[in-house]
There are 2 protein chains.
Amino acid sequence: MSDTLALLVSAPDRPGVLYQVAEAIFRHGGNVTYVSTVRSADPGRAEIQIEIAEAADPYQLLSELRALEVVDTVNEVPPFQAVFGKRVIVIGGGAQVGMVAQGAIAEADRHNIRGERISVDTIALVGEQQLAEAVRATARLHRAQVLVLAGALMGGEITGAVREIQRAGIIVVSLSMAGSVTEAADLVVTDPLEAGVMAVMLIADTARFSIDKVRGRRF
Amino acid sequence: MSDTLALLVSAPDRPGVLYQVAEAIFRHGGNVTYVSTVRSADPGRAEIQIEIAEAADPYQLLSELRALEVVDTVNEVPPFQAVFGKRVIVIGGGAQVGMVAQGAIAEADRHNIRGERISVDTIALVGEQQLAEAVRATARLHRAQVLVLAGALMGGEITGAVREIQRAGIIVVSLSMAGSVTEAADLVVTDPLEAGVMAVMLIADTARFSIDKVRGRRF
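Another aspect to go through is the overall build of chain A. In terms of helices and strands, chain A carries 9 helices and 9 strands. The principal-axis extents of the C-alpha atoms in chain A amount to approximately 60 × 35 × 30 Å. Taken across its 219 residues, chain A has 59% of its residues classed as buried. Considering only contacts in chain A between residues 6 or more positions apart, those separated by 24 or more positions represent 72%. For chain A, the accessible surface area stands at approximately 8700 Å², while carbon and sulfur atoms represent 49% of it.

Listed below in structure tokens is the structure:
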């Protein structure tokens, strides 16, 4: 499903595990794209999920990692891209934010049933600074591809944050609302359900709907 | 807001950046809890978000990282826990999955407005194996705390996956449905909206609703 090698590394909870694992991966020409510590049932134990791209010889790398003294076990797991896939991020508040999510989830269901993997991740927030911070953080989220802004008034620092994440390749859909954010958005959609549906269609390989054909439009 | 130091490290796209950064963090006694490569506008550039717990002297660590030859810039950013917070994960399909999300998002909005940070992350999926894989992966997701299963029939391998993630500390809420999954769930809720609301209340510091008081109950 992907060229990413995803590993669950289990080790005693001591500092330096990641450093030694990363060193071994580096020697194999692998590129670490994701690492996260994992909740462990055992407090004395550290588990980390590591995703690696471009490892020259995954089997050789695996056996070398297993031989590390700091490591107990290394198991292959499905990469998050294969399980949760691309992410639609929905940010906003009030009645609109849930309706956008509703539309996006119903549409994602229809695509995922045909083999896609699209998640819809929502944070309900208010306040210019909080919203701007969340918009900016979207570009740093693993697997995020499109953002939908769901509110009645957004502008100022939020609009600046929108322009920033567009430069990093995130598509931004905005509800039709007051404030300057609609001027910066790639697409403005009046109906919240429709905004969620369109956001999913924009990133689904199973849909024929490209931002290049609708950029700057209002629906 | 937290003891986590989150850094955005920008470097030329060459192997070994993470290894050298992790080595410096290790020397400072820091514990890397999260790493993710970030979309960059510039293909020759690698940006990674690194989150570090327990760094003895964050300012000293910062200046040492900035002095690394492989690194161009290191900027402090808000940790994901401060922006997107705790995660409610909703997995399932059809009409129910969107309604669970709807309830959870409306409830998260009410808590976030009082200073909480709770996200609602949804993947619409069908099929025993796909569902079991997603349930299992929930325990490996950064910041995930509670899972809601939204469907009409779940059992078999899914039930086994539920028991696994409960051992890792994830609370599992299930809709009232056919199949053995309701026997394993911590809580069974008939109405999808209510299931989403309760899932948020279970993890909100601003709510008085503890799984210990309702474990095994049906509503």
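Right, let's get into the side chain of Ser119 of chain A. Along the chain, the position of Ser119 of chain A falls in strand β6 (residues 118-124). One polar contact links the side chain of Ser119 of chain A to the main-chain carbonyl oxygen of Phe84 of chain A, over a distance of 2.6 Å. In this view, Ser119 of chain A contacts Phe84, Lys86, Arg87 and Val88 of chain A together with Thr122 and Ile123 of chain B; residues no more than four positions away in its chain are not counted.

Here 8 strands make up an open sheet; going across it, the order is β4(A)-β1(A)-β3(A)-β2(A)-β2(B)-β3(B)-β1(B)-β4(B) and the pairing antiparallel. Because the sheet does not close on itself, it has two edges, and the strands there are β4 (73-76) of chain A together with β4 (73-76) of chain B. Between one strand axis and the next, the sheet turns by 25 degrees as a mean value, whatever way the strands run. Contacts from helix α2 (residues 58-67) of chain A reach β1 (5-12), β3 (45-53) and β4 of chain A, with the element oriented near 150 degrees to β4 of chain A. Against the sheet, helix α1 (residues 17-27) of chain B makes contact with β2 (31-38) of chain A together with β1 (5-12), β2 (31-38) and β3 (45-53) of chain B, and its axis sits at roughly 25 degrees relative to β3 of chain B, the strand it touches most.

Right, let's get into the side chain of Thr159 of chain A. Residue and element names in this part refer to chain A. The residue Thr159 is located in helix α6 (residues 157-167) in this model. For Thr159, a relative accessible area of 6% corresponds to the buried category. Contact partners of Thr159, with chain neighbours within four places excluded, come to Met154, Ser180, Val181 and Ala184.

Looking now at the environment of Ile113 of chain A. Its place among the elements puts Ile113 of chain A in the loop between α4 (94-112) and β6. Expressed as a C-alpha distance, the spacing of Ile113 of chain A and Asp212 of chain A, which sit 99 residues apart in the sequence, is 26 Å.

Rules used in this analysis
Residues numbered from 1 in each chain as written. Chains lettered and ligands numbered in written order. Predicted model: local features only at pLDDT ≥ 70, side-chain atom pairs only at ≥ 80, totals over all residues. Heavy atoms only, no water. Helix = DSSP H or I, 4+ residues; strand = E, 2+ residues; numbered from the N terminus. Buried < 20%, exposed > 50% of the residue type's maximum accessible area, 1.4 Å probe, protein only. Contact = heavy atoms within 4.5 Å. Areas by Shrake-Rupley, 256 points an atom, 1.4 Å probe, with all protein chains shown as cover. Polar contact = N/O pair within 3.5 Å; in protein donor to acceptor, adjacent residues only side chain to side chain. Pairing = 2+ DSSP bridges. Axes fitted to C-alpha atoms, helices over the stretch in contact; angles between N-to-C directions.

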